[in-house]
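If you want the building blocks of each chain, they are given just below.
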Amino acid sequence: MIGTLKSFFLQNKKSLIEIAVCKFVEGVAILAASFFLVQFDIILFFAATAARFLISATCAKKILKLSTKFQNSIRKNLHAEIFNKEISSGEILTLTFDTVQTLDDFFIKVFPNVFSTVILLPLFLFSAFFTDWLTAIILLVTLPISPLLLFLIGKATAEKNSRAWLELQNLNSQFKEILSAITTLKMFGRIDAVAQILKSTSKKSSIATLEVLKLAFVSSFALELITTLSIALVAVTLGLRLIAGGVEFEAALFLLLIAPEFFAPLRKLGVMFHVVISAKMSIERLQKFFCTESAKVSAVEKLRLPPEIFVENVSYTYPQKNFSALENVTLKIPAGKITAIVGESGAGKSTLLKLLAGLILPTRGEIFFNELPTSKFQRESLFAKIAYMPQAPKLFDATLAENFSMFNQLETLELEKFLSALNLQLDLSAAKKISRGQLQRLGLIRALLKNSSLIILDEPTAGLDFATEEKVLALLKKFSSRRTIIIATHRQAVIDFAENVIEI
């Protein structure tokens, strides 16, 4: 998780620099407004104040955009890991919604103040030092008290926050289980009893959350008190020195104006301290989730390529269907050969190809690549080794070059060789509709460009004329060296072309 954070911030370095620049300019605007007020130049004071709030709004907009991007990144990683880890429904619900939302609160509420603390405090301290060094020393001496207090309160809050998260996780888990069994509970008249259990769990979650909020209020009050006393110390010192003639009036007024701004970021952090603690706990929970060893071993890296495939007693039933698309299928697909899968329409050829590609998982049975069960593979690693072409390839709303390459970097000369081999004459820079036959060949080229050791093709020559079909088969023959190619087909030319034929 820490690696994910670092990677995210490195990828968005430009946005972070823009936010830092905005905060620095905002600090300069605050100093300018204070200076113009001391000089009683009201017009320039209002201009500097307006500029400050305009820059602050711009900075808030950039942080909101960054927060949304980070949430999407975390949720994408969570969704990718759901099927690879043993995790309860309550925990995944809490992680996906409550935990990620806590990080959003951190970005929106705390992140700006972190930048303000890092950038504005040195800027204001530097200005105070050149205005009056004694006041700068007072500010510097009183500054560490607030972070020390936050650290001590944070140690006390961490345990209570962990308990609150556990109670919320239990509540989510129970609520989900009750919803899934609501019909059965209604039939047996157990709704009221279950409602009492849910009410009790909800009450425990509320109590745990209130305990965290109590500490948050205490920390906010303590921090407000300390910063107020620090500002008062600066004010009293300046007042006495002003009476004694030890400081000029303009300098004293300027320092009094920037003193509250100096402590403002710390005061805001105190008010939002519970958000900081919650975000810290959320990061730890996400880190624990992502660092937990996957239940599925990454055996794909040990796979001998091209693979020999064994399908043992595999059945598959589509969701909300009462009959099986495949029933107890057992077969062997040799390595490094071109295999044709044939059968009547509706026999399950396309379903078998999806199972082999890992797009769906068997309802029963197992598929082995060599001696390794595919159910133990990490799906992303498996997908990297397989090229799959469906019956109806997807045409994206993009240029044809991007459609062929699936938005990856591609050598134009390499693509043009494939186009020439299949007699395709297309404007690659254009985004337009193409014919069914052209779409079939687009899907084939897209699969071949992936350069995988296992190529799975679903009716690659359907609808093509004989001459074009011959070109497709010639290209496949040229490309078949040290690859396992599986083709579902009705076409006799493809069946005659295959080195191995399996009927289902």
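Residues numbered from 1 in each chain as written. Predicted model: local features only at pLDDT ≥ 70, side-chain atom pairs only at ≥ 80, totals over all residues. Heavy atoms only, no water.

**What to know about the sheet that holds strand E4 (residues 364–369)**
Rules: In this scheme, strands are said to pair when DSSP sees at least two bridges between them. Counting from the N terminus, the helices are the DSSP runs of H or I reaching at least four residues and the strands are the DSSP runs of E reaching at least two.
Strand order in the open sheet formed by four strands is E2-E1-E4-E5, and the pairing between neighbours is antiparallel. Strands with a single pairing partner mark the edges of an open sheet, and in this sheet they are strand E2 (326–333) and strand E5 (372–373). The pairing of E4 with E5 spans two bridges and is classified as antiparallel. Its bridge partner being in E5, Phe-368 is matched across the sheet by Pro-373.

**Quick notes on the pairing of strand E3 (residues 338–342)**
For clarity, the cut-off: Type-normalised accessible area, obtained with a 1.4 Å probe on protein chains alone, sets the label of each residue: buried when under 20%, exposed when over 50%, and partly exposed for intermediate values.
The buried fraction of E3 is high, at five of five residues. Residues Ile-338, Ala-340 and Val-342 line one face of E3 and the alternating positions Thr-339 and Ile-341 line the opposite face, and both faces are buried. As defined by bridge partners, E3 adjoins strand E8 (residues 484–488) across four bridges and the pair is classed as parallel. Within E8, the residue paired with Thr-339 across the bridge is Ile-486. As defined by bridge partners, E3 adjoins strand E9 (residues 500–503) across four bridges and the pair is classed as parallel. Considered in E9, the bridge of Val-342 is made with Glu-503.

**Side note on the pattern of salt bridges**
Quick reminder of the rule: Each salt bridge in this description consists of a side-chain nitrogen of Lys or Arg and a carboxyl oxygen of Asp or Glu lying within 4 Å of one another.
Going through the model one piece at a time under the given rule, you end up with seven salt bridges. The shortest N-O distance in the salt bridge between Lys-23 and Glu-26 comes to 3.3 Å. Placement of both Lys-23 and Glu-26 in helix H2 (residues 13–38) is noted, with a separation of three residues, approximately one turn of the helix. A single burial state applies to Lys-23 and to Glu-26, both of which are buried. Put simply, Arg-241 and Asp-132 hold a salt bridge, and the shortest N to O gap is 2.6 Å. Here Arg-241 is found in helix H8 (residues 191–244), whereas its partner Asp-132 is found in the loop between helix H4 (89–131) and helix H5 (133–142), with 109 residues between them in sequence. Given the relative accessible area of 17%, Arg-241 is considered buried.

**Details of the sheet that holds E8**
Note on sheets: strands pair through backbone hydrogen bonds, and any given pair is parallel or antiparallel. Cut-off, in case you're wondering: The axes are straight lines fitted to the C-alpha atoms, using for helices just the contacting stretch, and the angles between their N-to-C directions are given from 0 to 180°. The contact definition used throughout considers only heavy atoms, calling two residues in contact when any of these lie within 4.5 Å.
Strand order in the open sheet formed by five strands is E6-E7-E8-E3-E9, with parallel pairing between adjacent strands. The outermost strands of the open sheet, each flanked by one partner alone, are strand E6 (386–389) and E9. Strand-to-strand twist in this sheet, taken as the mean axis angle between neighbours without regard to direction, amounts to 15°. The sheet contacts of helix H15 (residues 436–449) involve E6 and strand E7 (454–458), and relative to E6 the element is tilted by about 175°.

**Considerations on the side chain of Thr-489**
Following the sequence through the fold, Thr-489 ends up in the loop between E8 and helix H17 (492–497). If near-sequence neighbours (up to four positions away) are discounted, Thr-489 is found in contact with Ala-340, Ile-341, Val-342, Lys-349, Glu-459, Val-494 and Ile-495.

**Details of H5**
Rule in force here: Directions are taken from the helix axis to each C-beta atom, and the arc is the one they span.
When we look at burial in H5, the residues that qualify are Thr-135, Ala-136, Ile-138, Leu-139 and Thr-142. Buried residues of H5, viewed axially, fall in a sector of 160°; they line one side. What points out from H5, more than 90 degrees from its buried face, is the exposed set Trp-133 and Val-141.

**Regarding a nonpolar patch on the surface**
Our working rule: Only residues whose relative accessible area exceeds 30% and that form no salt bridge enter a patch; like-charged residues are grouped when within 9 Å of one another, and nonpolar side chains (Val, Leu, Ile, Met, Phe, Trp, Tyr) when within 5 Å. Exposure was quantified through the Shrake-Rupley algorithm and a 1.4 Å probe, taking into account, for residues, occlusion by the shown protein chains and nothing else.
Together, Phe-126, Phe-129, Phe-130, Trp-133, Ile-137 and Val-141 make up an exposed nonpolar region whose accessible area comes to about 710 Å². Listed by contribution, the elements that provide at least two residues to the nonpolar patch are H4 and H5. Tracing the chain through its elements places Phe-129 in helix H4. On the accessibility criterion, Phe-129 (48% relative accessible area) is partly exposed.

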